[in-house]
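# Fold and contact review
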Amino acid sequence: MSKVIVVTSGKGGVGKTTTSAAFATGLASKGYKTVVIDFDVGLRNLDLIMGVERRVVYDFVNVINGESGLKQSLIKDKRVDNLYILPASQTRDKDALTAKGVESVINELKQEGFEYIVCDSPAGIEKGAFMALYFADEAIVVTNPEVSSVRDSDRILGILQSKSKKAEEGGSVKEHLLITRYSPQRVNDGEMLSVEDILDILAIPLLGVIPESEAVLQASNQGNPVILETKSTAGQAYDDVVSRFLGETIEHRFLDVEKQGFFKRLFG
Amino acid sequence: MGLFDLFRQNKKTSANKAKERLQILIAHERVNRDGPDYLPQLRHDIMQAIRKYVSIDDDQVKVQIEKGRGYDVLELNVTLPDD
Ligand SMILES: Nc1ncnc2c1ncn2[C@@H]1O[C@H](COP(=O)(O)OP(=O)(O)OP(=O)(O)O)[C@@H](O)[C@H]1O
Ligand SMILES: [Mg+2]
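So, a few notes on the structure that sits alongside this text. Residue numbers run consecutively from 1 along every chain, following the written order of its sequence. Each chain takes a letter, starting from A, and each ligand takes a number, starting from 1, following the order in which they are written. Reporting of local features is limited, given that this is a predicted model, to residues whose pLDDT is at least 70; pairs of side-chain atoms are given and counted only at 80 or more, and all residues count toward the totals for whole chains, interfaces and linings. As a rule here, side-chain values cover all heavy atoms of the structure and leave hydrogens and water aside.

### Overview of the pattern of salt bridges
Residues and elements named next belong to chain A. The following threshold applies: Salt bridge criterion: a side-chain nitrogen from Lys or Arg within 4 Å of a carboxyl oxygen from Asp or Glu. Secondary structure is summarised from DSSP: a helix means a run of H or I of at least four residues, a strand means a run of E of at least two, and numbering begins at the N terminus for each. For every residue, the accessible area (1.4 Å probe, protein chains only) is compared with the maximum for its type, and the residue is labelled buried under 20%, exposed over 50%, or partly exposed between those bounds.
Enumeration over the complete set of coordinates arrives at 15 salt bridges over all chains. Linking Asp-137 and Lys-166 is a salt bridge whose minimum nitrogen-to-oxygen distance equals 2.6 Å. Residue Asp-137 is located in the loop between helix H6 (127-134) and strand E6 (138-143), and its partner Lys-166 is located in helix H8 (residues 165-168); the two are separated by 29 residues in the primary sequence. Lys-166 sits in the partly exposed class, given a relative accessible area of 28%. Its salt-bridge partner being Asp-240, residue Arg-253 comes within 2.9 Å of it at the nearest N-O pair. In this pair, Arg-253 is assigned in the loop between helix H12 (233-245) and helix H13 (261-267) and Asp-240 in helix H12, connecting sequence segments 13 residues apart. Accessibility expressed as a relative area gives 34% for Arg-253, which makes it partly exposed.

Shown next, in the form of structure tokens:
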């Protein structure tokens, strides 16, 4: 059995690629054969976040156009077994991704025994984002605690519920909410929407909350998925997300201001 | 809930404001997207028609499509001002 999971958001820059890299790495670490596909045609970035930018030879569009085979286009991760990356193309041709082409690549990945196919969606609600979500069984909707991001998430949910293949066939894509860049201090100060606020509005199951963390930038500087930074709060939160996705019951962490925060503010 | 939280709840923080605005906006957007494409224009035309006779606010008119078995119902709900 293989599952197609889209990481999507509507709004740009909320943490889709960070999440796709961390999530796919986490699934593979737990022993599942996993591939993460960059759907951001023209603005490839997943390769950088995964630290494989110098190993890209062929890309997603090459495979679709039959210019390269799937196997020779997949980049095998050197840190984690079972993890493969399919980079996006740098072409400016917006129509490079066709539904037929995407479907055939996904089907071939399934035949190759991939258990999880993670699709890193581009921002927006245009063709690229649509292609990334169309074949999904499940969706991780990445949302920042901020008005425009929440609104765009709701729009993407509307699209998942009406325009996905699952929806067209009378079924539904399983939805997960992932709140990222969460800052408990700012929530406490009344400056930022809380987890409860966002859940009240979007009303879909919460998969996890990733705190705002300096480790994310540092990990991306080094081309390391942040989940491998096991000491960082963001890395740990992503690890919880993967376990929860796989069915474990794990309490949400990093939702409250750190206990020693008070002293830090006094003496730090 | 501590005393501190009680104060916080009563205070109109910017996060509270954000939540309120989002709830109203998203409720509107959901009605529009779930319905047929002509719904926003229909709603607009109905508003214009009513405004010939009484003055009403945007949020006093609800236009909705209720899905039924084998048929849909156009639901129109207009709250008229007092007096
Ligand atoms: N939890 C976090 N804490 C701090 N910074 C973060 C966090 N998550 C993401 N970022 C930062 O936010 C920026 C955008 O992240 P990312 O590229 O993953 O977003 P995206 O949704 O894929 O963007 P795009 O829509 O352009 O594809 C990056 O600079 C990243 O380092
Ligand atoms: Mg991205």
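### Focus: H12 of chain A
Residue and element names in this part refer to chain A. Basically, it comes down to this: Expected helix span is taken as 1.5 Å per residue step, with the number of steps being one fewer than the number of residues.
With 13 residues, H12 should reach 18 Å at 1.5 Å per residue; the first-to-last C-alpha distance of 18 Å fits that figure. Burial analysis of H12 places 10 of its 13 residues in the buried class, which makes it a mostly covered element. Within H12 the residues assigned to the buried category are Ala-234, Gly-235, Ala-237, Tyr-238, Asp-240, Val-241, Val-242, Ser-243, Arg-244 and Phe-245. Phi turns positive one or two residues past the end of H12, at Gly-247, with a value near 110°.

### Quick look at the packing of helix H7 (residues 147-163) of chain A against helix H2 (residues 14-34) of chain B
Cut-off, in case you're wondering: To obtain an axis, a line is fitted to C-alpha atoms, over the contacting stretch when the element is a helix, and the angle between two such axes runs from 0 to 180 degrees between their N-to-C directions. Each angle gets one of four labels, with under 35 degrees taken as roughly parallel, over 145 as roughly antiparallel, 65 to 115 as roughly perpendicular, and the rest as oblique. Here is the rule for handedness: rotate from the far helix to the near one, and if that takes an anticlockwise turn smaller than a right angle the crossing is left-handed, while a clockwise turn gives right-handed. Between two residues, a contact is recorded if the distance between any of their heavy atoms is within 4.5 Å. Only Asp, Glu, Lys and Arg are considered charged in this grouping, and only Ala, Val, Leu, Ile, Met, Phe, Trp, Tyr, Cys and Pro are considered nonpolar; every other residue, Gly among them, is considered polar.
Taken N-terminus to C-terminus, the directions of H7 of chain A and H2 of chain B make an angle of 25°; their axes are 10 Å apart at the nearest point. Between H7 of chain A and H2 of chain B, the angle is such that the two are roughly parallel. In the crossing of H7 of chain A with H2 of chain B, the sense of the turn from one axis to the other is right-handed. Packed against H7 of chain A, whose contacting residues are Val-147, Val-150, Arg-151, Asp-154, Arg-155, Gly-158 and Gln-161 of chain A, the element H2 of chain B presents Ala-18, Leu-22, Leu-25, Ile-26, Glu-29, Arg-30 and Arg-33 of chain B at the interface. Among the residues making up the contact of H7 of chain A with H2 of chain B, the classes are represented as 6 nonpolar, 2 polar and 6 charged.

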